[in-house]
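Tertiary structure, described
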Amino acid sequence: MSDSEQRQLHVPYREYNSHNSTNSVTLIETDALVDLSVTPSNNVSLSNGDSVAVLPEVEFAPTLSIDQPLIIDSPAMDRENQPLLGRLELDVTFNRFPDDPQFSDLVWQAECAIDNGINPQRIYQGSSGSYFIKNLTGKIIGVFKPKDEEPYGRLNPKWTKWMHKLCCPCCFGRSCLIPNQGYLSEAGASLVDRKLGLGVVPNTRVIKLVSKTFNYVRIDREKARMKQAILDQFPAVASHFNRIGLPPKIGSFQLFVDGYKDADYWLRRWESDPPPPHLANQFQLQFERLVVLDYIIRNTDRGNDNWLIKYSSNSNKNGTEGEVKIAAIDNGLAFPFKHPDSWRAYPYHWAWLSQAKLPFSESTRELVLPQLSDQNFVQDLCDDLYQLFKQDKGFDRHHYDKQMSVMRGQILNLQQALKDTKSPVQLVQMPAVIVEKAKGNGAPRLFSFSDTFTQRFQNKSPFFSWC
Ligand SMILES: Nc1ncnc2c1ncn2[C@@H]1O[C@H](COP(=O)(O)OP(=O)(O)O)[C@@H](O)[C@H]1O
Ligand SMILES: [Mg+2]
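Quick summary incoming for the structure in this document. Remember, it's a predicted structure, so these values are computed and weren't measured experimentally. (Residues numbered from 1 in each chain as written. Chains lettered and ligands numbered in written order. Predicted model: local features only at pLDDT ≥ 70, side-chain atom pairs only at ≥ 80, totals over all residues.)

1. Points about the overall build of the protein chain
Test applied: Note on conventions: DSSP H or I runs of at least 4 residues are helices, E runs of at least 2 residues are strands, and numbering of each starts at the N terminus. Field definition: a residue is buried when 20 or more other C-beta atoms are found within 10 Å of its C-beta, exposed when 12 or fewer are, and partly exposed for counts in between, with C-beta atoms placed from the backbone. Throughout, a residue-residue contact means that the two C-beta atoms, derived from backbone geometry, are no farther apart than 7 Å.
Helix and strand content of the protein chain: twelve helices and 15 strands. Burial analysis of the protein chain (467 residues in total) assigns 30% to the buried set. Taking the contacts inside the protein chain whose residues are at least 6 apart along the sequence as the reference set, 70% of them involve residues at least 24 apart.

2. Side note on the nonpolar core
Short version of the rule: One nonpolar core equals one set of buried Ala, Val, Leu, Ile, Met, Phe, Trp, Tyr and Cys residues connected by C-beta atoms within 7 Å. For the purposes of this description, domain bounds are those given by an automatic or database domain assignment.
In this structure, Leu-290, Leu-293, Ile-296, Ala-328 and Leu-414 are the most contacted members of the largest nonpolar core, which totals 70 residues. The dominant element in this core, judged by the number of residues it contributes, is helix α8 (residues 277–297), at nine residues. Residue assignment places this core across two domains, with domain 2 (84–173 + 211–247) and domain 3 (261–457) each supplying three or more. Setting aside residues up to four positions removed in sequence, Leu-290 forms contacts with Val-200, Trp-307, Ile-326, Ala-328 and Trp-350.

3. Side note on the sheet that holds strand β13 (residues 321–328)
So the rule is basically this: Strand pairing is assigned whenever DSSP detects at least two bridges linking the two strands. Between N-to-C directions, angles span 0 to 180 degrees; the directions come from axes that are lines fitted to C-alpha atoms, helices contributing only their stretch in contact.
Reading across from one edge, β11-β12-β13 is the order of the three strands in this open sheet, with antiparallel pairing throughout. Looking at which strands have only one partner, the edges of the open sheet turn out to be β11 (261–262) and β13. Examined bridge by bridge, β11 and strand β12 (residues 307–315) share two bridges and lie antiparallel to one another. Bridge pairing in β12 links Lys-261 to Ile-309. In this fold α8 packs onto β12 and β13, with an angle of close to 15 degrees to the strand it touches most, β13.

4. Let's talk about unusual backbone geometry
Its identity is not glycine, yet Phe-335 carries a phi of approximately 60 degrees, on the positive side. Backbone geometry at Thr-421 places phi at a positive 50 degrees, although glycine is not the residue there. Among the structural elements, Thr-421 can be located in the loop between α11 (397–419) and α12 (424–428). Look at Thr-421 and you get exposed, because 12 C-beta atoms sit within 10 Å.

5. Notes on helix α4 (residues 182–196)
Put simply, the test is: One less than the number of residues in a helix, times 1.5 Å, gives the span that helix is expected to have.
Its 15 residues give α4 an end-to-end C-alpha distance of 21 Å, which sits within 8% of 21 Å, the value for a rise of 1.5 Å per residue. In terms of burial, α4 is largely enclosed, as twelve of its 15 residues are buried. For α4, the set of buried residues is Gly-182, Tyr-183, Leu-184, Ser-185, Glu-186, Ala-187, Gly-188, Ala-189, Ser-190, Leu-191, Val-192 and Asp-193. Residues of α4 that are buried sit in contact with β8 (140–146), β9 (204–209), β10 (249–255), α8 and α10 (375–389). Gly-197, located one to two residues past α4, shows a positive phi value of around 70 degrees.

6. Notes on the sheet that holds strand β6 (residues 121–122)
Within the open sheet, the five strands sit side by side as β6-β7-β8-β10-β9. Their pairing is antiparallel. Both outer strands of the open sheet, β6 and β9, are each paired with one neighbouring strand and no more. The pairing of β8 with β10 spans five bridges and is antiparallel. Across the sheet, Pro-146 pairs through a bridge with Gly-251, a residue of β10.

7. Observations regarding the environment of Pro-424
Structurally, the position occupied by Pro-424 is in helix α12. The spacing of Pro-424 and Phe-360 is 64 residues in sequence and 7.1 Å in space, taken between C-alpha atoms. In contact with Pro-424, other than residues within four places in its own chain, are Val-291, Ala-351 and Ala-356.

8. With respect to the packing of α8 against α11
The axes of two packed helices give the description: the angle between them and the distance between them. Stated formally: Just so you know how the angles are binned, under 35 degrees is roughly parallel, over 145 roughly antiparallel, 65 to 115 roughly perpendicular, and the rest oblique. Throughout, the ten residues Ala, Val, Leu, Ile, Met, Phe, Trp, Tyr, Cys and Pro are labelled nonpolar, Asp, Glu, Lys and Arg are labelled charged, and all others, Gly among them, are labelled polar.
Taken N-terminus to C-terminus, the directions of α8 and α11 make an angle of 140 degrees; their axes are 7 Å apart at the nearest point. The angle between α8 and α11 places the two elements in the oblique class. Contacts between α8 and α11 pair Val-292, Tyr-295 and Ile-296 from the former with Met-407, Gln-410, Ile-411 and Leu-414 from the latter. Across the contact of α8 with α11, the residue classes break down as six nonpolar, one polar and no charged.

9. A closer look at the environment of Thr-300
In this structure, Thr-300 sits in the loop between α8 and β12. Looking at Thr-300, the number of C-beta atoms within 10 Å reads 22, which means it is buried. Residues Thr-300 and His-339, 39 residues apart in the sequence, show an inter-C-alpha distance of 9.9 Å. Discounting chain neighbours no more than four positions away, the residues touching Thr-300 are Arg-174, Leu-177, Leu-333, Ala-334, Pro-336, Pro-340 and Tyr-346.

10. Observations regarding the packing of α4 against α8
Heads up, the condition is: A crossing counts as left-handed when the near helix is turned anticlockwise from the far one by less than a right angle, and as right-handed when that turn is clockwise.
Running from amino to carboxyl end, α4 crosses α8 at an angle of 125 degrees, the nearest separation of the two axes being 10 Å. Classified by the angle their axes make, α4 and α8 are oblique. Handedness of the crossing formed by α4 with α8: right-handed. Across from Gly-188, Ala-189, Val-192 and Asp-193 in α4, the residues of α8 making contact are Leu-293, Ile-296 and Ile-297. Of the residues assigned to the contact of α4 with α8, the class counts are five nonpolar, one polar and one charged.

Okay, here's the thing in structure tokens:
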């Protein structure tokens, strides 16, 4: 193959036909010969006077059926009101949640703000690249954690984590967790919270965002600069790129909750100045919901810095005398595929609090027990998590099954503890159980009523913990 032949490739590409009468653009897929050779006419002058040869990237579009031409910029889609950063490179349906218009609107506000130069701001505490996301007025509305900036993600900005991984992989990281899927764990915790009606996890879902303040490799930034050069030179061609020109990042987006402080802050204050009994009782009920959540998802990272408390003892305008609320944040290290065993235990830090010594209340038992005792509910929960987890590029069905075996085991223990009116301390002392689907019925379906499950106890217990 000659050099020039190598540059000519058969690729399907989208042809953009403008229909002035309808003011819409139809995409038609054709198989065309695209010339990838660089010609002098593609040269673009940069601001520093240099001239570089550039070409718009040829992006492969998913196959479209001839009967279903994809209409973009149709008046029905109201694209004029959609943020520019979403055009073409960002799937416009990805960040929309038909079952949750409020959340869709929140993401929409974030997109508009970024489009108008109000960029996400990195949170400096913590071990990963997490960002505060603002709205058009500059108010923080959410926390975004991109997958590729997680502690062991490829673009984690906190390089010490990388050193941990390289130098001493057995001492750091959590061998019971699937690496680099923290964003799914964040959204999964929110799903469990919603499904059970616990109301302690700020709404969290998986979205895609792009911003120049995220961490990108140099080549992506160079490409973005190229695209900017094209934008300046050939506005018509450049309209095919998103305005920022950087690749969108997939990650978890969590609603930012106002007026909350780290749990440690209030727990210490209450040592010397305890809340009045009715608020202490309110806190106890919220606390039990946190316990239920953490136990089911087998959270391995619930330090007192990873849950927040909002507390006020003053009467508010509704006439209620103060309020106390818990927000369970930072749920990225949950859903293990096996119970922590021989190295570190990852205990639940709330187990040392005095509230953990009290038996579960009637109110929590009434809320949770009927749901957890219903096998259809549990199966539904597993199916919903499957839909969520399977969107990761590295999704592995075998690992997912193991994650669900651990979760089912946790649910079994929790159910028993609630029936026996045990306390959270007694709950965490129960031997770890794994509930597996009995082998042999190997149907590809997620669940059938003939599925049988077997339970077994974990015999290895942790011999060391420094948490
Ligand atoms: N949903 C939220 N609402 C309010 N503050 C939050 C929220 N999520 C995180 N924060 C704040 O950001 C800090 C870091 O967030 P966290 O989720 O713990 O990130 P990391 O994974 O880096 O530890 C928290 O200690 C808290 O102060
Ligand atoms: Mg944290």
